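The primary structure of each chain is shown beneath.
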Amino acid sequence: QVQLVESGGGLVQAGGSLRLSCAASGRTFSSYAMGWFRQAPGKEREFVAAIRWSGGSTYYADSVKGRFTISRDNAKNTVYLQMNAMKPEDTAVYYCAASPVWIPLRSYEYDYWGQGTQVTVSS
């Protein structure tokens, strides 16, 4: 099993930055692709970003391209989401997740999920 714990959420002004972290337990972390999803109030969960096992390839939703960066440090069993130039539309609960799929872009391709961390962007 894999346990995931997100941290780093909070309140930020529009145009500001936040860095989310997701700490994973278990020795198999490096064998999983990792992703970030978010869910805004009253809306369905949506894909934000994903990174392959090796960290060599990344994928982003169109809404965050050029502003968000996903990365991972397998030695620390941690995945990150750097969020810059934030907008009020980015307000949501952010979840990290782990997947055995090579390039996981859909929720059903992920087996493990964190508890989520709240991100609020003020205008």
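To start, this report covers the structure provided alongside it. Bear in mind the structure is a predicted one, so any value in this text is a computation, not a measurement.

## A closer look at the side chain of Glu109
Moving on, step 1. Among the structural elements, Glu109 can be located in the loop between strand S9 (92-99) and strand S10 (112-113).
Moving on, step 2. Although Glu109 is buried, it forms no salt bridge, and the closest oppositely charged side chain is Arg106 at an N-O distance of 6.1 Å.
Moving on, step 3. Dropping the residues within four chain positions of it, Glu109 is found in contact with Ser99, Pro100, Val101, Ile103 and Pro104.

## So, unusual backbone geometry
Moving on, step 1. Despite not being glycine, Asn77 shows a phi value in the positive range, around 55 degrees.
Moving on, step 2. The residue Asn77 is located in the loop between strand S7 (68-73) and strand S8 (78-83) in this model.
Moving on, step 3. The class of Asn77 is partly exposed, set by a relative accessible area of 22%.

Reading the values: the criteria
- Residues numbered from 1 in each chain as written.
- Predicted model: local features only at pLDDT ≥ 70, side-chain atom pairs only at ≥ 80, totals over all residues.
- Heavy atoms only, no water.
- Helix = DSSP H or I, 4+ residues; strand = E, 2+ residues; numbered from the N terminus.
- Buried < 20%, exposed > 50% of the residue type's maximum accessible area, 1.4 Å probe, protein only.
- Lys, Arg positive; Asp, Glu negative; His and termini not counted.
- Salt bridge = Lys/Arg side-chain N within 4 Å of Asp/Glu carboxyl O.
- Contact = heavy atoms within 4.5 Å.

Shape is all these values report; function is a separate question.
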